[in-house]
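Each chain, letter by letter, is given below.
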Amino acid sequence: MEKEKIRQLVSQMTLEEKAGLCSGDGPWKTKAVERLGIPQMWMSDGPHGLRKQENYAEKPDINDSLPAVSFPSECAMAASWDRELLRETAGWLGRESQVRDVHCVLGPGVNIKRSPLCGRNFEYLSEDPYLAGELGAAYVQGVQSEGVGACVKHYLANSQEKRRYWNSSEVDERTLRDIYLPAFETVVKKAKPMAVMASYNKINGTYATESRDRLVDLLRGEWGYDGCVMSDWGATHNRQKAVGAGCALTMPGEPKTDHEIVTAVQAGVLEEARVDEACEQILQMVYDGLEQHREGAKIDYEAEHEAVRIAEEQSAVLLKNEDGILPLKKGSRVAVIGCLAKEPRYQGGGSSHVCAIRVSTPYEALEALGELELTYADGYPKITTRRSLTSADFETTRVFAADYAPDEALIKEAVALAKDADTVLIFAGLPEDMETEGDDRDEMCLPDDQNALIREILKVQPNAVVVLQNGSPVELPWAEDVKGILELYLGGEAVGEAAADLLTGKVSPSGRLPESFPFRLEDNPSYLFYTGTGAKVEYREGVYVGYRYYETKKMPVRYPFGYGLSYSTFSYSDLKVSREVLRPGETLEVSVRVKNTGSVAAAEVVQLYVGCRKCEVLRPVRELKGFDKVCLQPGEEKEVRFTLDERAFSYWECDKNAYLMAPGSFAVQIGKNAHEILLEHPVTCENPDNAPAKSKVEVVMYG
Ligand code: BGC
């Protein structure tokens, strides 16, 4: 609906009606205003599948929702490094929303993975703001291209679950601008999401839902955002302050506090104009959602299942492949060990939980291929949930690796099978209640029973491949001793077929880690400060998050950001840059050639980093500023091009309150990953007048 009509509608509403509209009708809908014929719209989680809860009032069980296709979690999708794949996959989510009469999907989550411990890392994309922003924007474009809104979340600096309702993230402005804000900025500017969700936490002492500087000055003023801001569920603490700060919609419904807005306006402490602005945002969202709704839409769930299989196949990361142990040889005897092969962990716990339509298991899928001689043993006890995911008090029921004691009998049985096989495939991973919304992990370990199993198997069988299912990095103490490691992350409902195709070489793995895997938790830069004390968590590592720290500190990691192997090999050549000196307002064209030098078709992720050689400003030695995924037949070569502008070389200068391209010498670097740079070209930045950098993000319209 046009803005003017919305304005007229709001002008006809009473103050009470307007105050009422500013909170939902129950958990998932906006309020209708019958007198004026204002309809309501429906919102549902979530990031990796639709969690539509029709009867929440009668059955408030987070895990009880309508059947829906379960997509690879964001941690997995991000590992694809493939914008187009995210767009396409999210398009399915949009179509499914049309079928279920959902007008806005509550996702994607683009919070930065500050620590491997965050309980919701599986719902987030990356430790890197450029990657998270690009992929988050593609996701929103995909959902919105189907006439359904997307709600990017959780804005802002919400990188932990512990004390999430009242914790204050203490972050300096440069760190916010260089690390925690850009993913939101990119999503907002490139993809125009229907909504933005303000997070639970405080930012430097002010609740996100009450931060007018972030919700209005920055989001609307600087970034030009035009959509609706809503609170996370239960994140509004003061209705008057929230509306005053530009958080238009409080979710879920808060009928008991709607009057506070009326009282505040009558008392003169809240301008009615602010309430009008909030209602305009909400009604714009409602009418946009309803106008694009396709009544009676249909979907082919089997085709969607196929799409999520492809998504997982493009996302899994091959971490190790010694002696070419993978792909598995046809006709070989393979011992499949581990309950996760038969009961995969394919999604995380909490509000993103989906009641999947058809989950395929790796064991069944391998069996269905009929190419291998398979045997199977559990290896460790079935993974049962040890605490209630709806429990309000996670902290008293926390689950540790040591809670999973090795089962000697199961290990013995598995070892016997493994000994007689050509290769052993060990399925390992984190139980759902070790990483879930509402709490963070305390350690980065796999359960003790799984580590013990792997150690015992290695005593009798060197040809061991570990297949991992987890939403966040884990310590891999046996990594030197196994020959293969395949990281599936949380692969969605088609994880079985995807795993089988990857393990047998139907598809070459092409995922790359969207986060670093440190050797030990203690190596992580946030280790000493995560998750804070009392009501505060200080982001003392500043801009040195993830690989920005490891690379600058020259600290070895188990697997670096951007890392991943293939069944093929690639060569790079001909790195060219269009200019040696970059000045304000100019752009830099970069090109590089990449060739598939192996014998199978495979995809490579070309990664461009801007390396800092000499600059007055303290900054990470290297930052990702471009990437592209290219599919290449054996022997095929392609040129990949990038355009960099001054923002790619800039940092946030607090004194100037602007991004600034600092003078200095830099290098355009093409890397296999953040640690392994293959080609580089020097570039000098000149900025004698200290001119603020223009944003490189262009506004693109979709949908
Ligand atoms: C989560 C959000 C989610 C909302 C609705 C909250 O607890 O933080 O991500 O969208 O619930 O389920």
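All residue numbers here refer to positions counted from 1 along the written sequence of the relevant chain. Restriction of local features to residues with pLDDT of at least 70 applies here, the model being predicted, together with a cutoff of 80 or more for giving and counting side-chain atom pairs; totals for whole chains, interfaces and linings are based on all residues. Excluded from the side-chain calculations are hydrogens and water; all other atoms, namely the structure's heavy atoms, are used.

Colleague: Can you lay out the overall build of the protein for me, pointing to particular residues and giving the numbers?
Modeller: Here a strand is any run of E in DSSP of at least two residues, a helix any run of H or I of at least four, and the numbering for each starts at the N terminus. Across its full length, the protein carries 17 helices and 27 strands. Across its three principal axes, the protein shows a C-alpha extent of roughly 80 × 65 × 50 Å. A buried classification covers 64% of the 703 residues belonging to the protein. In the protein, of all internal contacts separated by at least 6 residues, the share reaching a separation of at least 24 is 78%. Throughout, the Shrake-Rupley method with a 1.4 Å probe supplies accessible areas, and for residues the shown protein chains are the sole cover considered. Just so you have it, the protein exposes about 24,500 Å², and 49% of that area is on carbon and sulfur atoms. Only protein chains enter the accessibility calculation, which uses a 1.4 Å probe; a residue is then buried when its area is under 20% of its type maximum, exposed when over 50%, and partly exposed in between. Only heavy atoms enter the contact rule, under which two residues are in contact if any of them lie within 4.5 Å.

Colleague: Can you explain unusual backbone geometry? Please cite residues and give values.
Modeller: Negative phi is the rule for most residues except glycine; trans is the rule for most peptide bonds. Backbone torsion omega between Gly-107 and Pro-108 reads 10°, so that peptide bond is classified as cis. Cis geometry marks the peptide bond from Lys-153 to His-154; its omega dihedral reads -5°. Position of His-154 among the secondary structure elements: in strand E4 (residues 149-155). Within the chain, Lys-192 stands out as a residue other than glycine whose phi angle is a positive 45°.

Colleague: Can you explain the site of the ligand? Please cite residues and give values.
Modeller: Only a single heavy atom is needed: when it lies within 4 Å of a molecule or strand, its residue is near that molecule or strand. Every one of the 14 residues lining the ligand counts as a neighbour, but Asp-45, Arg-120, His-154, Tyr-200 and Asp-232 are closest to it. Between the ligand and the protein, one listed contact pairs an oxygen atom with a side-chain N or O atom of Glu-437 at 2.9 Å. When the ligand is considered free in solution it has 310 Å² of accessible area, and contact with the protein chains removes 94% of it. Only Asp, Glu, Lys and Arg are considered charged in this grouping, and only Ala, Val, Leu, Ile, Met, Phe, Trp, Tyr, Cys and Pro are considered nonpolar; every other residue, Gly among them, is considered polar. Each residue belonging to the shell around the ligand can be placed in one class, and the counts come to five nonpolar, two polar and seven charged. For the purposes of these results, a polar contact is taken to be a pair of N or O atoms within 3.5 Å, where, inside protein, one atom must be able to donate a hydrogen and its partner to accept one; residues adjacent in sequence count only when each atom of the pair is a side-chain atom.

Colleague: Just give me the short version of the nonpolar core, but keep the residues and values in it.
Modeller: Ranked by size, the top nonpolar core spans 115 residues in total, and within it Tyr-155 and Met-230 carry the most contacts. The leading source of residues in this core is helix H5 (residues 129-144), at nine residues. Residues within four places of Met-230 in sequence aside, it is in contact with Met-43, Leu-106, Cys-151, Ala-195, Val-196, Met-197, Ala-198, Cys-247, Leu-249, Met-251 and Met-285. Remark: nonpolar core denotes a set of buried residues (Ala, Val, Leu, Ile, Met, Phe, Trp, Tyr, Cys) joined through side-chain atoms within 4.5 Å. Membership of the second largest hydrophobic core comes to 74 residues, among which are Tyr-346, Leu-372, Ala-452 and Val-467.

Colleague: Any chance you could break down the confidence of the model for the protein for me, citing the residues and the numbers?
Modeller: Residues of the protein with pLDDT of at least 70 account for 97%, and the chain-wide mean is 95. Residue-level confidence of the predictor, termed pLDDT, takes values from 0 up to 100. Within the model, the stretch residues 696-703 combines pLDDT values under 50 with 18 contacts to residues more than four positions away or in other chains.

Colleague: Outline the side chain of Ser-231, listing residues and values.
Modeller: Mapped onto the fold, Ser-231 is located in strand E9 (residues 228-231). Its relative accessible area of 0% is what places Ser-231 among the buried residues. Here the side chain of Ser-231 touches Thr-236 through a polar contact of 3.4 Å, side chain to side chain.

Colleague: Account for the pattern of salt bridges, naming residues and giving values.
Modeller: A side chain of one charge can pair with a side chain of the opposite charge if their charged atoms are brought near each other. The salt bridge definition used is simple: a Lys or Arg side-chain nitrogen within 4 Å of an Asp or Glu carboxyl oxygen. In total, this model carries 57 salt bridges according to the counting rule given. The salt bridge involving Asp-501 is made with Arg-309; its shortest N-O contact spans 3.3 Å. Remark: Arg-309 occurs in helix H12 (residues 301-313) and Asp-501 occurs in helix H16 (residues 495-503); sequence separation between them is 192 residues. By relative accessible area, Arg-309 is classed as buried at 15%. Glu-343 serves as the salt-bridge partner of Lys-382, at 3.9 Å between the closest nitrogen and oxygen. Pair noted here: Lys-382 is in the loop between strand E13 (373-377) and helix H14 (408-419) and Glu-343 is in the loop between strand E11 (333-337) and strand E12 (355-356), with a separation of 39 residues, a long-range link. Overall, the relative accessible area of 45% leaves Lys-382 in the partly exposed class. Each member of the salt-bridge network shares a partner with another, and the members are Arg-120, Glu-123, Glu-161, Arg-164 and Glu-437.

Colleague: Please give an account of the environment of Ile-179 that cites residues and values.
Modeller: Looking at the secondary structure, you find Ile-179 in helix H6 (residues 173-180). Along the backbone, Ile-179 and Val-545 are 366 residues apart, and their C-alpha atoms lie at a distance of 7.9 Å.

Colleague: Got a sec to walk through the pairing of strand E15 (residues 464-469)? Specific residues and values, please.
Modeller: Judged by how many residues are buried, E15 sits mostly within the fold: six of six residues are covered. Neither face of E15 is left uncovered, since the one carrying Ala-464, Val-466 and Leu-468 and the one carrying Val-465, Val-467 and Gln-469 both have all their residues buried. Note: strand E14 (residues 423-429) against E15, six bridges, orientation parallel. What sits directly across from Gly-429, in E15, is Gln-469. We call a crossover right-handed when, viewed with the strands running away from us, the connection from the first strand over the helix to the second turns clockwise. For the crossover from E14 across helix H15 (residues 448-460) to E15, the handedness is right-handed. A pair of strands counts as paired when DSSP detects no fewer than two bridges linking them.

Colleague: An account of the sheet that holds E4 is requested, with residue identities and associated values reported.
Modeller: The strand order E1-E3-E4-E6-E9 describes an open sheet built from five strands, whose pairing is parallel. Two strands in the sheet have a free side with no partner beyond their single neighbour: strand E1 (43-44) and E9. When strand E6 (residues 195-198) meets E9, the two strands line up parallel, connected through four bridges. Paired with Ala-198 across the bridge in E9 is Ser-231. Across the sheet, helix H7 (residues 182-191) is in contact with E4 and E6; its angle to E4 comes to roughly 160°. The strands touched by helix H11 (residues 272-291) are E6 and E9; relative to E9, the strand with the most contacts, the crossing angle is about 100°. Axes, fitted as lines to C-alpha atoms, cover a helix only where it is in contact. Angles between the N-to-C directions of the axes lie from 0 to 180 degrees.

Colleague: Give me the lowdown on the sheet that holds strand E5 (residues 168-170), citing residues and values where you can.
Modeller: Hydrogen bonds between backbone groups are what pair the strands of a sheet, and the pairing can be parallel or antiparallel. Pairing within the open sheet is mixed, and its four strands lie in the order E8-E7-E5-E17. Looking at the sheet topology across the chains shown, the edges are occupied by strand E8 (206-207) and strand E17 (536-538). One ladder, built from three bridges, connects E5 with E17; its direction is parallel. The residue bridging Glu-170 from the neighbouring strand is Glu-538, located in E17.

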